Each structure stands twice: as structure tokens, then as C-alpha cells.
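What the coordinates show
Listed below are the residues making up each chain.
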Amino acid sequence: MQEDKFNDIQVSQYTADKLKKQALEYKRLQDTFSKRFASDANTQFYVLSTKWLNQWKQHVSYDEIVANKAPCKYFGRITLERINDDLEDIVQKCFKYYPISNHPWNTYMKQDLQENVDYVVIDKEIWEFFISYYSGTAIIRNSNGSGKDKQVAVNLLRFKCVLLYPSIIKQISYDSMQRQTFESEVLQVDRNMKFKDYQNLIQRTVHTFSGNFAKDNNVRIWRYVTDQKDQYKALFNEINKQVSQLESQDDMCFDFNGELLTHQQYDSIEDVGIIDTNVIVFEFKDDYKPWCIRNQAVQIEGKCENCHVFKVLSFPCICRKVSYCKEECRQKDYNYHSARCEKHGSDDESVKSLTLTQTSVKGIVGLSNLGNTCFMNSGTQCISNSYPLVEYFLKNLYFDEINMENPLGTQGQLVKKVGSLIKKMWCGDRQTITPTNYKKAVGQFQPMFKGFHQHDSSELITFVLDGIHEDLNRVKKKPYVETKDYDGRSDFVVAKESWLNHLARNQSIIVDLMHGQYKSTLKCPTCQQFSITFDPYLMVQLGIPSQKKRSIQFKFYKDLFQYQYISIPFDKTKSIALKDYLKILGEELKVDHQQLFGYIANMYTSFEFLDENKSIVEIRKSAKRSQLCFRQITDLELKMNKKFPIQFSNKYFEQQYKKSYFQSGAIIVDGLMTLKQVHQQIFTHFKQFFSEHEKVDYEKQVLNSYYSLVYKTNQNYWNPCAFCNSKNCNDCEVKYDDETVEEVKNRALKVDQQCNFEIVIIWKQSPFKSAKLPDIFDHFFKTNKIEIQDINQKSSMSSTINSNTSQGSVTLQDCLQYSQMPEQLNAENTWYCKVCKEHVQAYKSMQIYKAPQILIFTLKRFKASNRLFKQKLETLVDFPINNLDMTDFIINSKTPCDYENENETNNGENNKQKVIYDLYAVSNHFGGLGGGHYTALAKNKFTNKWYNFDDSMVGEIPESSIVSKSAYVLCYQLRTDDSKNCQEKTMQSIQE
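Please read these numbers as outputs of a predicted model, since none were measured by experiment.

**Re the overall build of the chain**
For the chain, the helix and strand inventory stands at 29 helices and 45 strands. Going through the 992 residues of the chain one by one, you find that 49% of them count as buried. The long-range share in the chain, meaning contacts at least 24 apart out of those at least 6 apart in sequence, stands at 72%. Surface summary for the chain: the accessible area is close to 50300 Å², and the carbon and sulfur share equals 46%.

**Some details on the packing of helix 16 (residues 413-427) against helix 17 (residues 436-445)**
Put simply, helix 16 and helix 17 touch, their axes get as near as 9 Å, and they point 150° apart. Taken together, the axes of helix 16 and helix 17 lie roughly antiparallel to each other. Helix-helix and strand crossings are classified by hand; for helix 16 and helix 17 the assignment is left-handed. For the pair helix 16 and helix 17, contact is made by Gln-413, Leu-414, Lys-417, Val-418 and Leu-421 and by Asn-437, Tyr-438, Ala-441, Val-442 and Phe-445, respectively. Grouping the constituent residues of the contact of helix 16 with helix 17 by class yields 7 nonpolar, 2 polar and 1 charged.

**Concerning the pattern of salt bridges**
Under the counting rule described, the total for this entry stands at 30 salt bridges. With a closest N to O distance of 3.7 Å, Asp-276 and Lys-160 form a salt bridge. Note that Asp-276 is positioned in the loop between helix 10 (269-272) and strand 10 (278-284) and Lys-160 in strand 5 (residues 157-164), a separation of 116 residues in sequence. A salt bridge links Arg-747 to Glu-739; its shortest N-O distance comes to 3.1 Å. Of the residues examined, Arg-747 reaches a relative accessible area of 33% and is grouped as partly exposed. One network of salt bridges, in which partners are shared, links Arg-36, Asp-123 and Glu-125.

**Concerning the packing of aromatic side chains**
In total, this model carries 76 aromatic pairs according to the counting rule given. Centroid distance Tyr-518 to Tyr-537: 4.6 Å. Interplanar angle 40°. Geometry classified as tilted. Note that Tyr-518 is positioned in strand 18 (residues 516-523) and Tyr-537 in strand 19 (residues 530-537), a separation of 19 residues in sequence. Across this residue pair, the class does not change: Tyr-518 and Tyr-537 are buried. Here the aromatic rings of Tyr-698 and Tyr-736 are separated by 6.1 Å at their centres, their planes lie at 45°, and the arrangement is tilted.

**Digging into helix 7 (residues 166-173)**
All of the buried residues in helix 7 are Pro-166, Ile-168, Ile-169, Ile-172 and Ser-173. Buried residues in helix 7, looked at end-on, bunch into an arc of 160°, giving them a common side. Summarising the contacts, the buried residues of helix 7 are in contact with strand 5, helix 9 (231-243), strand 8 (254-255) and strand 10.

**Observations concerning the nonpolar core**
Considering soluble globular proteins, one finds that nonpolar side chains tend to be buried as a cluster. In terms of nonpolar packing, the biggest core is built from 59 residues, with Ile-682, Phe-686, Phe-689, Phe-690, Tyr-707, Trp-763 and Phe-777 touching the most fellow members. For Phe-777, the contacting residues outside a window of four places in its chain are Phe-561, Asn-650, Tyr-661, Gln-663, Phe-686, Phe-689 and Trp-763.

**A look at the pairing of strand 3 (residues 140-144)**
Two elements, strand 1 (residues 44-49) and strand 3, share 3 bridges in a ladder whose sense is antiparallel. Residue Gln-44 lies in a different strand from strand 3, and its bridge partner there is Asn-142. Of the strand pairs in this sheet, strand 3 and strand 4 (residues 151-152) are connected by 2 bridges, and their pairing is antiparallel. In the strand pairing of strand 4, Ser-143 is matched with Val-152.

**Some remarks on helix 9**
Between the first and last C-alpha of helix 9 there are 19 Å, a value that for 13 residues agrees with the 18 Å anticipated at 1.5 Å per step. Buried within helix 9 we find Gln-231, Tyr-232, Ala-234, Leu-235, Phe-236, Ile-239, Asn-240 and Val-243. Next to the buried residues of helix 9 lie strand 5, helix 7, strand 6 (186-189), strand 7 (219-225), strand 8 and strand 10.

**Observations concerning the sheet that holds strand 3**
Spatial ordering of the open sheet is given by 2-1-3-4, a layout of 4 strands whose pairing is antiparallel. With partners counted over all chains shown, the strands left at the sheet margins are strand 2 (119-122) and strand 4, one partner each. Running over the sheet, helix 4 (residues 50-59) touches strand 1 and strand 2 and is turned about 70° from strand 1. Here helix 6 (residues 124-131) sits on the sheet in contact with strand 1 and strand 2, set at roughly 45° to strand 1.

**A closer look at the environment of Tyr-934**
You can see Tyr-934 is positioned in strand 42 (residues 933-939). The sequence separation of Tyr-934 and Asp-950 amounts to 16 residues, and the corresponding C-alpha distance is 7.6 Å. Those residues in contact with Tyr-934 that sit more than four places away from it in its chain are Cys-374, Phe-375, Ser-378, Gln-454, His-455, Asp-456, Ser-457, Ser-923, Asn-924, His-925 and Tyr-968.

**Some details on the state of the cysteines**
Overall, the coordinates contain 0 disulfides when judged by the stated rule. This cysteine, Cys-292, is not joined by any disulfide, and Cys-253 carries the nearest cysteine sulfur, 6.3 Å off. A residue is classified by how much of its surface remains accessible, and Cys-292, at 1% relative accessible area, is buried. Cys-721 carries a free sulfur, and the closest cysteine sulfur to it, the one in Cys-729, is 3.6 Å from it. Given the relative accessible area of 0%, Cys-721 is considered buried.

**Structural notes on unusual backbone geometry**
A cis amide bond links Tyr-98 to the next residue, Pro-99, at an omega of -5°. Mapped onto the elements of the fold, Pro-99 is located in the loop between helix 5 (62-66) and strand 2. Phi at Lys-837 is positive, roughly 60°, even though this residue is not glycine. When you line up the elements, Lys-837 lands in the loop between strand 33 (831-833) and strand 34 (838-840). Lys-837 gets classed as exposed once you look at its relative accessible area, which sits at 60%.

**A short note on the sheet that holds strand 28 (residues 707-711)**
Spatially, 27-26-29-28 is the arrangement adopted by the 4 strands of the open sheet, whose pairing is mixed. Single-partner strands in this sheet number two, and they are strand 27 (657-670) and strand 28. Direction aside, the axes of adjacent strands within the sheet are offset by 25° on average. Bridge count between strand 26 (residues 643-654) and strand 29 (residues 758-763): 6 bridges; the pairing is parallel. Across the sheet, the residue bridging to Ser-649 is Val-760, located in strand 29. The strands touched by helix 27 (residues 776-783) within the sheet are strand 26, strand 27 and strand 29, with strand 27 carrying the most contacts at an inclination of about 60°.

**A look at the side chain of His-469**
Tracing the chain through its elements places His-469 in helix 18 (residues 457-472). Overall, His-469 belongs to the buried group, its relative accessible area being 2%. Within the local environment of His-469, its side chain forms a polar contact with the side chain of Ser-508, the two groups lying 2.6 Å apart. Those residues in contact with His-469, other than ones at most four positions away along the chain, are Asn-506, Gln-507, Ser-508, Ile-510 and Val-511.

**Let's talk about the packing of helix 17 against helix 18**
In a pair of packed helices, the angle between the axes and the distance between the axes together describe the arrangement. The contact between helix 17 and helix 18 brings their axes to 10 Å, and the two run at 85°. The orientation of helix 17 with respect to helix 18, classified from their angle, is roughly perpendicular. Here Tyr-438, Val-442 and Phe-445 of helix 17 lie close against helix 18, whose contacting residues are Leu-460, Phe-463, Val-464, Asp-466 and Gly-467. The class makeup of the residues in the contact of helix 17 with helix 18 is 6 nonpolar, 1 polar and 1 charged.

Cut-offs and rules
Residues numbered from 1 in each chain as written. Predicted model: local features only at pLDDT ≥ 70, side-chain atom pairs only at ≥ 80, totals over all residues. Heavy atoms only, no water. Helix = DSSP H or I, 4+ residues; strand = E, 2+ residues; numbered from the N terminus. Buried < 20%, exposed > 50% of the residue type's maximum accessible area, 1.4 Å probe, protein only. Contact = heavy atoms within 4.5 Å. Areas by Shrake-Rupley, 256 points an atom, 1.4 Å probe, with all protein chains shown as cover. Axes fitted to C-alpha atoms, helices over the stretch in contact; angles between N-to-C directions. Parallel < 35°, antiparallel > 145°, perpendicular 65-115°, else oblique. Left-handed = near helix turned anticlockwise from the far one by under 90°. Nonpolar A, V, L, I, M, F, W, Y, C, P; charged D, E, K, R; others polar. Salt bridge = Lys/Arg side-chain N within 4 Å of Asp/Glu carboxyl O. Phe/Tyr/Trp six-rings, centres within 6.5 Å; stacked < 30°, edge-to-face > 60°. Arc of directions from axis to C-beta. Core = buried A, V, L, I, M, F, W, Y, C linked by side-chain atoms within 4.5 Å. Pairing = 2+ DSSP bridges. Expected span 1.5 Å × (residues − 1). Disulfide = S-S within 2.5 Å. Polar contact = N/O pair within 3.5 Å; in protein donor to acceptor, adjacent residues only side chain to side chain.

This is the structure:
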């Protein structure tokens, strides 16, 4: 078979002459190589793959040509790979040597290769000869010695290494390294190189980095030795343990127990004796900052805290944050610094040193009422029992992430007071705490909380969490972020893009734990133009439905083009089959129920044609994030024996690109119809578009002239098109012939059992004289005065609910579903429609696209009854304490933090999983708006019991008493498989 393959390839005389010339030229260069190799002027050589060279020799029939024989059978018939592809090694380089574009050591070879087995050494002339004909990677190596005794250092010494300078230490200090370790980076070097020359090379390399690095004396090289298996992680942990206590204004320095390598001690690289357990640390010097590493082998340099002169600092303070050039300076600064000396690197030594002990109150603590501060105490207890956030504070991690530059924050004042309070509430031994300093800090951040007026616990939680976020925002300089239009892209692509834009300006523990993402849709009531955006949220505001009855919403198509948005009352307790529900629906719409045809329309996937035996409750549920549609079919469609629904859409060409009209639907054909009849059937619907033409003949005038019909292909790189069996199909033509629909369907299903029968109408020119191609549907609607209407049907299926009727009770799921329903904007809050060119009262709907680890709901109990007053809804909302299933109310089941592991084909939207939450805290509101009172309920992580927090009074409460009419703010935590074990281990580690 292989012989036949080679015989099939014909070699032209021109190619043959070219290959013979290559063989003879290489023979000439190889014969004179030894002389060139011995020349002292030749110090750089190239490495050539033996495998590639042998293939090339067969390709040019080298042995036969130089022997003046007939070429072999492979002559001109081998496809050569890139030169040296089999030799080059892909590694994580610590950095590139100067000059970075062409230094020989910046190209890595696989290790343990043998000369004349895996590679041969050639000179520049031979390499340039090969590279003039073929492409490849140059692997250059230097030689040592002279004459015939010259040795080319091919296999270089490869070693583990880490680069350190103040900015990197600062990243570790701020805990902003993506992985809690150094990357497994390496460099390589000639063993015979003088160590002094190597130091000079690194010093020249420093200037290839951006930054304020010193011009001279800018590099120190260290050896780190450890017996741990992962040397990189061991070094990272050693540094992180020290610098995690540093603040942004501190010098990024740490003590290092490694060995300083100098040319005075080691003459060559070989003398250093680098082994596999070593990590070589390259330390670069910032021009305006001291060296990062402190070691007995070097003196500490920096600014003296007293005289502010840059000197050797031999007298550090015990707090390690300040140092002095001499004892006299330390004595002079003593009185000033002693009051601020922080032995443990915090703003409050006593707070930072607090740890959990056997006598700690562990969160079961009351907060004194300072005067109408029950709202603050209630909200704060909810925050204090948010376990992942508590863990963050108990570990003192917040000190390392304070953003001193954020103008929206308090330069750490608020977060330090929050941290101080939380640590006292968990690690202290007092049963009651007076939160005076905490209240002051909250008031400074948000002036509305100054004084002693009653406020809202939900607002308090929002503002405190926002304040913590701004104080801990890891983004120091917020870039300008431009938002792109939805433009028909998939939800996931736009949502991820929006989230990354959010992260470009907002990154903190609050974002990590508590920020979710909404999908917000605005739709014009006139032209149906819509806008979709994805926005972050901290809390989910849930409206409370005033009645148990639901509504079912759908589009009702009178024909393919005229439709109404209709919403009618719906009782989900009556689960009947669709065929029975159509009878009820027919009476409502005043249409023969036999002429009603239903389907669920999806924007980016195939329609779901409804089974008449399926429950209407299930249909309504499955259509929750899609569009339920009913169409009145024609008499002709009704009489068809083998009804076969076909989805269709309309597109047009603009500058060689297909663009959508967003006009789609479904037609009914008979399975016995020929494709000719299908063409004509579709044309009967579109014939009204040709009203300006006289006696239009479809076959002669319209077909492939005004529009074409194509199948929407399912073809991908592993499946051929089901309709034309081609692997390169780009929507193939619906032929105008006598093949029946049933024959096409059966033929397609043989190729792809999952095949969907969908037709795309590709418009090529406008049928209207006064309308351009992109505007034909708009023109048709305006000419025929077709208006899209939104109708809230008053139905005989349910009686009108009087507004004064008892409010009864609802479930949290009812509130979630109710809050996702579209609402029309009021006249004071209009939206500009780009199509209508005017501000309109659009319909707005909000859906949870992604939910965070900590999900907080606020029940909208206070609603405006008129412009001046609000009324409180006392409706009992029955919410689950355990096992809140959010799966049906979240579009993407992954958390926002999982975006980095998701892509368009594999994400929490198309691979949806169960999303279960458990309640851990509730903020309650009792009484009316003027003289109400707030308390909190929370589940303690240590005792696993529920407690009632009523200001300074704390007591156990049975789980059966958690759900009440007073529930206002509900705090849930995402359940994961290992969350329980993980939490127990973490709490044990905190106590230890």
C-alpha cells in the first residue's frame, strides 16, 4: 500500500534537478566541514536532528546521487517535517537571556540526547544551506577549546530557578498569586562558563525587564536547598509565611537561609555543583527599594527610620517594620515609634494575636444596642455567621489585602474594625460586645448610618459588604472597561466577557464569595428589539407575589408574522395534558383548538415541538428560559394526514456574511409532500411580500433570485452533513425536485439520528422597491400596519383577586419565579430603542445567570402604596432551611469563580448540575415601618445549633421556629460534596 502511495507521486524534471543539486551541495559542504570546524574563528555551531537528516537523505536520494546511481524509490516523495522539531523541548523559562531574540541558551533541547544517534553538529554554512530550502528551529551551541580538540557544549546544565524582586514579593504578600506556589521554571547554562561571566550576563538581562531596576550591582544569585519533594512550593511557603504579615507601605523583605553564590567563591558554573534538590534564586534590585532577601552573608540596606538616609541598617526594631542605621537613631525615635510598634505586624496587636481557644465564645455573642442600632446588630450577626468570610478574618488574611489607594474605600479603616469585631465575636471570651468603634467606622463609610436613627438591616449588610470589598479590592488602578453589545452572541460568551470586565475593576474576598451575575433583558413593546446585559449583584431582591395563582405566558401567532404576547392565569396544581389544555386555550383565544399548534422556541438551539400528551405544567416549566409559542395553523395544514413540523428562520447576505432577521417560526408540511410542494407551501406564506409584482411565478422569478431555501446543517469536524453527506457543508440547498419530505428525513436520520429538520430562508434581494434587504420585514409590518401587542388576558379560568384579600402564604420558589417575570418600566424610567429611535417603556426581566457561594436574598416586604408611604407585606414566605434547590432558577449552575474552567461548549449552562443551598442566617423585622425591631437567627458552625440574637440577648431556638412572617433577609451557603468535612477540618486548624 505504501509502495503504491510513493508510486502515485510524480516528480517533475525541475524538482529532480533541484533535489540532485541539494545532494551534491551538501556533499561539498560536508567534505570541507572538518577544516571549518577546526578554525579558531568558528566558535558557534548548530545542532541538526539525525532523524530529519536521514529523511532528507532519502528525499534527495543522497547516497545514490553522490555515487552517480539512479535515484531510489523515495526520491522527491517524502514530506519532511520542520527541522529539529523532534529535538526542541518546551519548558517554562524563568526568563530569557540577553539578547532575548537570539541568545543560544533561549532554545531548549530535550535532555540526555546522544551525538550521532539523536543529533549531529554542523556549522553555520551547512545550517544556512538547509534553511534556504526548509524551515525549522535553530539550536545553536558554543564551543570550548581550539583546533581539532574543540568541544561543542550541546547538552547544557538545566536547573530549577526562581526570580524575585519587590513586586513579586508584594504579590505574595497580597495573596494575589494565582497559584500558592512558584511555577516550575528552569534555565540552562554551559557548565564551563566562568561564574563571573554568568553574573555579568544576568546583569545585562535585568535591563530587558520593565521596572525601576538598578543599573549596576543589580543581581544577587542564591542557592536554596530543601529536602521537601516540591522545592518550589517549599520556598514559596517559607516566603509567604513571613511577607503575609506585611502591609503595602512596608519594605518587601524576608529572611532567607540560602547560600549566596559569588565568583570569589566559585570560579565556574561546574564548581557551584548545582543538583536536583537545589533551586537557584535570582534576586533583582529595585533602584528605589532595598534588597528583598535578608541574610547573614549580606548587610541590610534601606532608609533609616530616624534620619531617612539610605544606609546599611544594622539596628532593626523587634516589629521588623522599621530599622535604623545606628543605635543613636533608634534611641531618638523610641518615644515616637514605641506607641506605634506592632510586634506582630498588625494595626492592633491584641486583635491580631487573638486565636480560638477552649474558652472562646465562638460566635455565640450578643451586641449591645447603642440606641436604635438593632438593625445594625441584626445585619452584623448575619455577616458574622457567613462562615467562609469568618474564616478569612480569623486567619488574619484581610490585613494583607488592604487597598490603601482606593478612593472608594476607607484605606482599611472599615475592614479593620469589621475584622476586629468578628475576631472578638469568635475568639474573645465576653458574652456581650459593645460595637462603638465599628458603628463609627460604618458611619464614616456611609453617612446615612451616622446618628441613632432606625435603618434597614438589608441596607446595612449591603453597605458593610461593599465597604469591605472596596477596602480589600485587589485592583489598585481600575482600568476603563468598554462594554460590547450583545450582538446575537451566545449568553455564555457575553456573560463571561461581562464578568471579566467586572473582575478587571473588582477583585476581593467579597467578589469571590458573594458576587453573582444577573441576566437582564429589555424588550421594546413596539418592535420587539431587545437588549441583553449581564450585571453583577451582591443580593437578590425578591418580590412577594400577592396570590398563589400563576400565569402562563406565550406568543400567539395568528399567522407566520402576526403575533401577540399573551399572559393568562395558570393553576399549576391542575396538571393536564396539552391536548386537553388546548381546548381551554382555544376558548380563551376564540380559536378552534384543533388549529392550535405549540412549540418552544429557543434563540440558539432547535425548537422543541410539543407532544400533545405532555403535561402543560411540565411544558410551562421547560419553557421557563425559552419562549412558549402557539400558532393558528391554516385549513390546508389542518387537513394534512402526516403532519410534519419544520422550523424555519430568515437570514440575508451582507458583505458575504449571513445576518439574521430574528424572524423565525414553524410551518406544517405533509410527509408525503415533494420538495417542490414544500417550496410552494412556504411561498404561499411569503407571497404577500410580492404584492408590488404582477403574477409572480415562484419557480421562474423567485426561486434563487429573491431567496433560496437551505437546510441548516449539523455538520462538524467529526460528522458529515445529514442532508448532503459532505464534511464541508455550509448549509446545503433544499432542492426543487420530487423527493418527498419523508424520504429526505429517513435519509438524514441514517447519517445522524439526532438530526433536526430546519430550513433557512436566505434572502438575496428585496421584494419591495422602497426597502433595502435588511429592512424588508420592518417595511412589511409598517405597510400592513401589523403591530405586536402585549395583552394581559382577563380569563374566565380564574376570578379577579381583590387587592384587599388576605395575603396568605407563598414559598420562596414562588418569589423566585415571580421575580423573574417581565415588568414594564414606568414613564420615568424609559429605555432608548435603537430601532424605534425613541425612549420606550420597555419590558424588563431579571434572571439569575450565576449564583455565588454565599447567596443572600432580601424579601421585598416594604412596597410603596403611594408616593409618600410604604406598606409592609406580612405574607408568610415558606423558605427551606436545608436543601434549597436553585437548579431551575439559575441559568448556569457553576459559580462565577468557575468561569476560568468553562468554555462555550462545556459550561454550567449546557452541562447543568444540581445547585443546592443551605440556610445559615436570617434577619427578622418585627412591627411596622416606624417603630419596628430587628433580630437575627443564625446557625453556629461549632455547635450546629440555631440561635436567636436579639441585641445583647442570645439563646437557642428550635429549627421549627426559623420560618416566620418576620423573615426579611435570608442567607444561604452553597452545598458542596466535601463542604462539611472541609469546614470541620478548617475550624480545627484555626483552633490549633
